[in-house]
Amino acid sequence: MDPDHHMDDHAIEGMQQNLAIEIDDENSEMDPESGQLSSEEEEEGERAQDDEIEVDSDSSDGTDWLSIPSSSSIIGYIYENGRTYHQYHEGNYFMPNDERENDRLDLQYHMLNILFGGKLFLAPIKNPKRVLDLGTGTGIWAIDIADMFPDATIIANDLSPIQPTWVPPNCKFEIDDIELPWSHAMNSFDLIHTRYLFGSLEDWPRMIKQAYDHLTPGGYLEIQETDPASLKSDDGTLPPNSPLTQYCNILLQGSTLSGRPVSITDNLHRWLEDAGFEDITTRKYKLPISPWAKEPRLKEVGRLNAVNLVEGGGLEATILALYTRWIGGSLEECLEFVEGAKSVVRDRGVHAYWEASIVYARKPELEGRRSRSTSRQASIQLPEKLEGLVVATTEVSSSPSSSSSSTSSSDAAASPSIPSPSASMASISS
């Protein structure tokens with residue numbers, strides 16, 4: 001994907017909170033040049049949110065929609081299981097940082113822009129002067145924001161130095177760990193943005209409190225996340241023992257053992273409120289796993305998501321380190337689970353989706369009220385059961401090799417036994 005591609009910001013107004021979508025009998029195409037829909041199709045897309053997702057009857061097993069430019073060389077950093085990872089504060093982030101992953105991140109960015117109606121953010125702020133992007137990845141969001149607001153100063157940080165060198169003059173990238181005390185001045189940003197930090201933080205309330213302290217009065221924090229625990233289908237085409245469901249169970253278990261949970265969206269409103277934020281708003285979107293939906297925009301989102309997960313390596317990248325570092329399984333076992341999950345994504349007869357959330361909140365204009373808890377530890381409310389994943393309160397070790405100490409600030413789920421990939425596949429086929 002071309003990292004310089006910019007989405008048109010006036011595409012579609014915010015989507016409605018009602019999440020039902022349609023599944024169609026026809027294949028509608030988006031404009032290949034702009035990636036946008038006509039105004040008539042946009043209106044149809046918004047109306048479709050009031051109905052269940054309708055399945056496209058043309059659900060052939062053809063996989064010609066799975067394509068992504070191949071990556072070339074992999075350079076430096078920490079090399080593990082055939083992928084590279086960040087070296088700065090090694091282990092704090094579980095995803096790779098090689099060229100294949102960077103290509104996937106840019107593809108994912110384009111996919112989410114379409115899902116969110118071409119909006120880079122939803123917070124009702126008109127002309128921010130200083131913007132902070134936490135965990136910027138390849139930096140494409142920060143670059144687009146810098147182009148959108150040329151008079152603003154955009155600062156973006158990440159653990160990996162994977163951002164481009166040719167950027168707008170008002171955009172600055174920093175290598176930083178947002179779990180440490182921030183070096184920026186208090187009350188200095190009008191907008192602080194995060195996207196897909198799940199599995200990255202031990203203490204979400206602490207990060208949110210730092211964001212609160214560094215926002216100007218009236219400034220906004222916006223958090224964009226997808227919850228792996230939200231995987232479901234509305235029509236029963238995703239069975240409880242689906243390989244993709246098993247994959248999500250492993251992802252939840254591994255991240256809980258690491259002390260950096262991936263299932264956090266249900267806690268965001270409470271954490272924001274505890275930090276002192278007001279006007280907390282949540283918008284939810286269905287993110288199809290493949291192009292099975294009828295509505296043209298969601299069909300395109302599903303197509304891009306399938307490429308993201310399969311050819312782009314998203315399924316492998318998300319689980320690889322968690323499975324081998326924390327669950328203690330082998331690379332071969334992990335890749336068998338990944339292949340099982342891929343088979344579900346390729347099957348357009350499975351009408352499954354994840355739930356994506358955008359949550360934004362405002363720091364009060366007059367800071368008369370203090371946060372309810374300035375040093376509150378993260379208390380993660382995990383689902384009691386997710387298709388066989390039984391959750392109990394326990395403590396987790398601070399490293400994969402140590403079980404005697406407990407330094408995580410999150411309540412952790414007990415580690416359910418993970419069936420072998422072969423046994424799992426046998427039980428599904430029987």
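Residues numbered from 1 in each chain as written. Predicted model: local features only at pLDDT ≥ 70, side-chain atom pairs only at ≥ 80, totals over all residues. Heavy atoms only, no water.

Engineer: Explain the overall build of the chain to me, please; I cannot follow it from the model alone.
Structural biologist: Within the chain one finds 10 helices and 11 strands. Relative to its 430 residues, the chain shows a buried fraction of 58%. Sequence separation of at least 24 residues holds for 78% of the intrachain contacts in the chain that already meet a minimum separation of 6. Only carbon and sulfur atoms are counted for the fraction: they give 47% of the accessible area of the chain, which is about 17700 Å². (Helix = DSSP H or I, 4+ residues; strand = E, 2+ residues; numbered from the N terminus. Buried < 20%, exposed > 50% of the residue type's maximum accessible area, 1.4 Å probe, protein only. Contact = heavy atoms within 4.5 Å. Areas by Shrake-Rupley, 256 points an atom, 1.4 Å probe, with all protein chains shown as cover.)

Engineer: Help me understand the confidence of the model for the chain, please; the structure alone is not making it clear to me.
Structural biologist: Any region with low pLDDT has predicted coordinates that should not be read closely. In the predicted model, the chain carries a mean pLDDT of 75, and the fraction of residues at 70 or more is 65%. Mean pLDDT across the secondary structure elements of the chain bottoms out at strand 11 (residues 389–390), with 32, and peaks at strand 9 (residues 352–362), with 98. Ignoring residues within four places in sequence, the model shows residues 1–21, a span with pLDDT below 50, making 71 contacts including any to other chains. The model gives residues 59–76 a pLDDT under 50, and that stretch makes 37 contacts with residues more than four places away or in other chains. (pLDDT = per-residue confidence, 0-100.)

Engineer: Got a minute to help me understand the environment of Gly313 in this structure?
Structural biologist: Locating Gly313 in the fold gives a position in the loop between helix 7 (296–309) and helix 8 (314–327). Distance from Gly313 to Val338, taken between C-alpha atoms, is 9.5 Å for residues 25 residues apart in sequence.

Engineer: Honestly, the environment of Pro261 in this entry has me stumped. Any pointers?
Structural biologist: Among the secondary structure elements, Pro261 is positioned in the loop between helix 5 (243–258) and helix 6 (268–275). A sequence separation of 63 residues divides Pro261 from Phe198, and the C-alpha atoms of the two residues are 6.7 Å apart.

Engineer: Would you mind showing me how to read the pairing of strand 7 (residues 215–233) here?
Structural biologist: Look at any regular strand and the pattern is simple: side chains alternate between the two faces of the sheet. The element strand 7 is largely enclosed, with a buried count of 17 among its 19 residues. Chirality of the crossover, the property in question, places the unit of strand 6 (residues 189–195), helix 4 (residues 204–214) and strand 7 among those that are right-handed. Note: strand 7 against strand 9, 10 bridges, orientation antiparallel. Residue pairing in the sheet places Glu222 in a bridge with Tyr360 of strand 9. (Right-handed = clockwise from strand over helix to strand, strands pointing away. Pairing = 2+ DSSP bridges.)

Engineer: Explain the pairing of strand 4 (residues 153–158) to me, please; I cannot follow it from the model alone.
Structural biologist: Among the 6 residues that make up strand 4, 5 are buried, leaving the element largely enclosed by the rest of the structure. For strand 3 (residues 130–134) and strand 4, the ladder comprises 5 bridges, and the chain directions are parallel. The residue bridging Leu132 from the neighbouring strand is Ile155, located in strand 4. Remark: the strand 3/helix 3 (residues 140–148)/strand 4 crossover connection has right-handed handedness. Of the strand pairs in this sheet, strand 4 and strand 5 (residues 171–175) are connected by 5 bridges, and their pairing is parallel. Paired with Asn157 across the two strands is Glu174, which belongs to strand 5.

Engineer: Is there a simple way to think about the packing of helix 2 (residues 99–115) against helix 7 in this case?
Structural biologist: Angle between the axes and distance between the axes: these two values describe a pair of packed helices. Interaxial distance between helix 2 and helix 7 falls to 9 Å at its minimum, and their mutual angle equals 165 degrees. Relative to helix 7, the element helix 2 is oriented roughly antiparallel. Of the two elements, helix 2 crosses helix 7, and the hand of that crossing is left-handed. In this structure, helix 2 contributes Arg104, Leu107, Gln108, His110, Met111, Ile114 and Leu115 to the contact, and helix 7 contributes Arg297, Leu298, Glu300, Val301, Leu304, Asn305, Val307 and Asn308. (Axes fitted to C-alpha atoms, helices over the stretch in contact; angles between N-to-C directions. Parallel < 35°, antiparallel > 145°, perpendicular 65-115°, else oblique. Left-handed = near helix turned anticlockwise from the far one by under 90°.)

Engineer: It is not clear to me how the packing of helix 5 against helix 8 should be interpreted in this structure. Could you clarify?
Structural biologist: Two numbers describe how helix 5 lies on helix 8: the axes approach to 9 Å, and their chain directions differ by 50 degrees. Classified by the interaxial angle, the pair formed by helix 5 and helix 8 is oblique. The handedness of the crossing between helix 5 and helix 8 comes out as left-handed. On helix 8, the residues that touch Leu244, Tyr247, Ile250, Leu251, Gln253, Gly254, Ser255, Leu257 and Ser258 of helix 5 are Gly314, Leu315, Thr318, Ile319, Leu322, Tyr323, Trp326 and Ile327.

Engineer: Teacher, can you tell me more about helix 6 here?
Structural biologist: Since the α-helix packs 3.6 residues into each turn, any two residues three or four apart lie on the same face. Here helix 6 lies mainly inside the structure; 6 of its 8 residues are buried. Within helix 6 the residues assigned to the buried category are Leu268, Arg270, Trp271, Leu272, Asp274 and Ala275. The elements touched by buried residues of helix 6 are helix 4, strand 7, strand 8 (278–288) and strand 9.

Engineer: How should I be thinking about the nonpolar core in this particular structure?
Structural biologist: It is characteristic of soluble globular proteins that their nonpolar side chains tend to be buried jointly. With 75 residues, the main nonpolar core has Leu115, Phe121, Leu244 and Ile289 as its most contacted residues. The next biggest cluster of nonpolar side chains, apart from the first, holds 26 residues, and it includes Leu197, Met207, Leu215 and Ile223. (Core = buried A, V, L, I, M, F, W, Y, C linked by side-chain atoms within 4.5 Å.)

Engineer: Would you mind going over the sheet that holds strand 3 with me for this structure?
Structural biologist: What links the strands of a sheet is backbone hydrogen bonding, and the strands pair in either a parallel or an antiparallel sense. Here we have 7 strands laid out as an open sheet, ordered 5-4-3-6-7-9-8, and mixed in their pairing. Because the sheet does not close on itself, it has two edges, and the strands there are strand 5 and strand 8. Strand-to-strand, the axes of this sheet are offset by a mean angle of 15 degrees, without reference to chain direction. As defined by bridge partners, strand 6 adjoins strand 7 across 6 bridges and the pair is classed as parallel. Counterpart to Leu191 in the pairing with strand 7 is Tyr220. Of the strands in this sheet, strand 3, strand 4, strand 5 and strand 6 touch helix 3, which is tilted by about 155 degrees from strand 5.

Engineer: Is there a simple way to think about the pattern of salt bridges in this case?
Structural biologist: Two side chains with opposite charge may pair up if their charged atoms get near one another. Summed over all chains, the structure comprises 12 salt bridges. For Lys209, the salt bridge is made with Asp213, and the minimal N-O distance between the two is 2.7 Å. Of this pair, Lys209 and Asp213 are both found in helix 4, 4 residues apart, which corresponds to roughly one turn of the helix. For Asp213, a relative accessible area of 22% corresponds to the partly exposed category. For Asp234, the salt bridge identified is with Lys286, shortest N-O distance 2.4 Å. One end of the pair, Asp234, is in the loop between strand 7 and helix 5; the other, Lys286, is in strand 8, with 52 residues separating them in the sequence. On the accessibility criterion, Asp234 (32% relative accessible area) is partly exposed. You can call Lys286 buried: its relative accessible area is 4%. Residues joined in a network through salt bridges with shared partners are Glu278, Asp279 and Arg362. (Salt bridge = Lys/Arg side-chain N within 4 Å of Asp/Glu carboxyl O.)

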